[in-house]
Amino acid sequence: MKGITQLQAGEQVNQFLLIKQATKGVTTVGKPFMTLILQDKSGDIEAKLWDTNEDHEKMYRPEVIVQVGGEIHDYRGKNQLRIKQIRVAKSDEGIQINDLLPSATTPKEELYEELTQFFFEIKNPNISRITRYILKKYQQEFSVFPAASKNHHDYASGLIDHVVSMLRLGKAICDLYPSLNRDLVYAGVILHDIGKVKELTGPIATTYTVEGNLLGHISIMVDEIGLAAKELNIDGEEVVILKHIVLSHHGKEEWGSPKKPMIQEAEILHYIDNIDAKMNMLTRALAKTKPGEFTERLFPLDNRSFYKPTFE
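What you see is a predicted model; the values in this text were computed from it and never measured.

Parameters at a glance
- Residues numbered from 1 in each chain as written.
- Predicted model: local features only at pLDDT ≥ 70, side-chain atom pairs only at ≥ 80, totals over all residues.
- Heavy atoms only, no water.
- Helix = DSSP H or I, 4+ residues; strand = E, 2+ residues; numbered from the N terminus.
- Buried < 20%, exposed > 50% of the residue type's maximum accessible area, 1.4 Å probe, protein only.
- Contact = heavy atoms within 4.5 Å.
- Areas by Shrake-Rupley, 256 points an atom, 1.4 Å probe, with all protein chains shown as cover.
- Pairing = 2+ DSSP bridges.
- UniProt positions renumbered as here; feature names shortened; annotations may be inferred.
- Phe/Tyr/Trp six-rings, centres within 6.5 Å; stacked < 30°, edge-to-face > 60°.
- Lys, Arg positive; Asp, Glu negative; His and termini not counted.
- Salt bridge = Lys/Arg side-chain N within 4 Å of Asp/Glu carboxyl O.
- Polar contact = N/O pair within 3.5 Å; in protein donor to acceptor, adjacent residues only side chain to side chain.
- Axes fitted to C-alpha atoms, helices over the stretch in contact; angles between N-to-C directions.
- Parallel < 35°, antiparallel > 145°, perpendicular 65-115°, else oblique.
- Left-handed = near helix turned anticlockwise from the far one by under 90°.
- Nonpolar A, V, L, I, M, F, W, Y, C, P; charged D, E, K, R; others polar.

K.L.:
How should the overall build of the protein chain be read in this particular structure?
P.N.:
The number of helices and strands found in the protein chain is 11 helices and five strands. Across its three principal directions, the C-alpha atoms of the protein chain cover 60 × 45 × 40 Å. The burial tally for the protein chain puts 47% of its 312 residues in the buried class. Relative to all contacts within the protein chain whose residues are 6 or more apart in sequence, the contacts with residues 24 or more apart total 57%. Put simply, the protein chain shows about 16,300 Å² of open surface, and 52% of that area lies on carbon and sulfur atoms.

K.L.:
What is the right way to look at the pairing of strand β1 (residues 12–26) in this model?
P.N.:
If a strand is regular, its side chains alternate between the two faces of the sheet. In the sheet, β1 pairs with strand β4 (residues 65–75) via seven bridges, with the strands oriented antiparallel. Counterpart to Leu 17 in the pairing with β4 is Val 66. Judged from the eight bridges that link them, β1 and strand β2 (residues 32–40) form a sheet pairing that is antiparallel. Each bridged residue has a counterpart across the sheet, and for Thr 23 the counterpart in β2 is Thr 35. Two successive antiparallel strands, β1 and β2, enclose a turn made up of five residues, where Gly 30 displays a positive phi of approximately 90 degrees.

K.L.:
Would you mind showing me how to read the UniProt feature "domain: HD" (unreviewed entry) in the protein chain here?
P.N.:
UniProt marks residues 162–278 with the feature "domain: HD" (unreviewed entry), using the numbering shown here. End C-alpha atoms of residues 162–278 are separated by 11 Å, and the span's content is 65% helix alongside 0% strand.

K.L.:
What is the right way to read the packing of aromatic side chains from this model?
P.N.:
Remark: the centre distance and the inter-plane angle together describe each pair of aromatic rings, the angle taken between the planes. Taken as a whole and judged by the stated rule, the model has three aromatic pairs. Centre to centre, the rings of Phe 33 and Trp 50 are 5.1 Å apart; their planes meet at 40 degrees, and the pair counts as tilted. In this pair, Phe 33 is assigned in strand β2 and Trp 50 in strand β3 (residues 43–50), connecting sequence segments 17 residues apart. Between Phe 118 and Tyr 186, the aromatic rings sit 5.1 Å apart at their centres with planes inclined by 90 degrees, giving edge-to-face as the arrangement. Of this pair, Phe 118 sits in the loop between α2 (108–117) and α3 (125–137) while Tyr 186 sits in helix α6 (residues 182–191), and the two are 68 residues apart along the sequence. Exposure class is identical for Phe 118 and Tyr 186. Each is buried.

K.L.:
Honestly, unusual backbone geometry in this entry has me stumped. Any pointers?
P.N.:
Across the chain, the bulk of peptide bonds are trans and the bulk of non-glycine residues have phi less than zero. With a phi angle near 55 degrees, Arg 76 is a residue other than glycine that sits in the positive phi range. Tracing the backbone shows Arg 76 in the loop between β4 and β5 (78–88). A relative accessible area of 68% means that Arg 76 is categorised as exposed. The phi dihedral of Asn 151 falls on the positive side, at around 80 degrees, and the residue is not glycine. Residue placement: Asn 151 occurs in the loop between α4 (139–144) and α5 (158–176).

K.L.:
Please clarify how the side chain of Asp 183 should be interpreted in this entry.
P.N.:
Structurally, the position occupied by Asp 183 is in helix α6. Buried within the structure, Asp 183 lacks any salt-bridge partner; Lys 123 is the closest side chain of opposite charge, at an N-O distance of 6.7 Å. Within the structure, Asp 183 has its side chain in polar contact with the backbone nitrogen of Asn 124 (distance 2.8 Å). With sequence-adjacent residues up to four places away left out, Asp 183 is seen in contact with Glu 121, Ile 122, Lys 123, Asn 124 and Ile 127.

K.L.:
Which parts of the structure should I look at to understand the side chain of Glu 265?
P.N.:
In this fold, Glu 265 is placed in helix α11 (residues 264–287). For the buried residue Glu 265, which engages in no salt bridge, the nearest side chain bearing the opposite charge is Arg 182, 10 Å off. Those residues within four positions of Glu 265 in sequence are excluded, and the remaining contacts are Ser 179, Leu 180, Asn 181, Leu 184, Val 185 and Ile 245.

K.L.:
When you look at the packing of helix α9 (residues 216–231) against helix α10 (residues 237–247) in this model, what are you seeing that I'm missing?
P.N.:
Think of two packed helices as two axes; the pair is described by the angle between the axes and how far apart they sit. In the contact formed by α9 and α10, the axes pass within 9 Å of each other and the chain directions differ by 165 degrees. When the interaxial angle is binned, α9 and α10 end up roughly antiparallel. Both α9 and α10 take part in a crossing whose hand is right-handed. Where α9 approaches α10, its residues Ile 218, Met 221, Val 222, Ile 225, Gly 226 and Ala 229 are matched on the opposing element by Val 239, Leu 242, Lys 243, Val 246 and Leu 247. For the contact of α9 with α10, a count of residues per class yields nine nonpolar, one polar and one charged.

K.L.:
Help me understand the sheet that holds β5 in this model?
P.N.:
Taken together, the five strands give a closed barrel; going around it, the order is β1-β2-β3-β5-β4, and neighbouring strands pair in mixed fashion. Between one strand axis and the next, the sheet turns through 50 degrees on average, direction left out of account.

Written as C-alpha cells, this is what we have:
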C-alpha cells in the first residue's frame, strides 16, 4: 500500500493514519469544522472534517489512530485529504503508533556513532568538554526527537539526522576553507538545536512546550552552555563564542536570531543549517513527485513549486 504522501490527486484512501494535530475552526456561515494533520510513515497530509461537534473533538485528538476513507484532491497546489468516513481504530486491530510514525531512514544508533567520531577532530579541550557534557546530558532525547514540528526533519530521530547531515557538510566546507575553526563549526552544529529537546514535546504529535513557546530553543541552549561551563569550571572566551554561535544561527533578527553572526564560524553555521533544512524539504517533496511534474507548493521555500526533470 502506498504511503499517504505518495498518493496523487483523485486517488482513493482507505487506511490507518495517526492524528498529528487537530484544530477546530468555524466556517464563514458559522458551522464548526476540524482541521486534522494525519500521518503515516511516509509523512503527513492535511484533512478537513466538516459539521463537527464536541464528541468529534474528544474522539479525534492528537496521538489517536484512525481509519480513514476518502480521496486525495488538489487544494491550491497542495494535496489535501477529503474525508468521507473516519473512525477511531480498535485496540484489537493490531496497529501501533510506531507503525505510523515517520522516522529517519538511518537507525539512530548508527547516526549517533557517526556523530561521536567528530569529537576526535575537536582539539580545544574546553569546547570539547562543554559539547560532550551537554550531548551526554540529553543523549536519549536528542536521539529520538524531531528537529521541528513541521517542514524539515519533522520525524522521529530527525534532530540527530539533521545534525549528522550538517556535520558532513561542515567537514566538507572546513576542508575547502582552512581558515575556519573546525572545533567551533563542529561544536556549533552539535549544540545549535539541542534546545529542541525542551522546546518540543517529542516525536509523537509534536507540539511546543510551555518553555518552548515562552523561551525558544536558542535561549534554552544559551542557558545550557552557561550551566555546563559552570559545572565544568570552565571560564574562558570559548564559552562566550559558543553562546554567540547558538544565538546567531538563524542569521537575522527577523528569522529569530537575537544576534546576527559576528564571527566567520557563526556565519557558516547559519548557511549549513539553511542548506540542510531546505535540501531535506526538497528531497522529500521531489521523492513523491513524478518526473515531468511539479512538487506541491512548499511554504517555507517562498511557497514555490519545484519541477522534477524527466532525465537523470
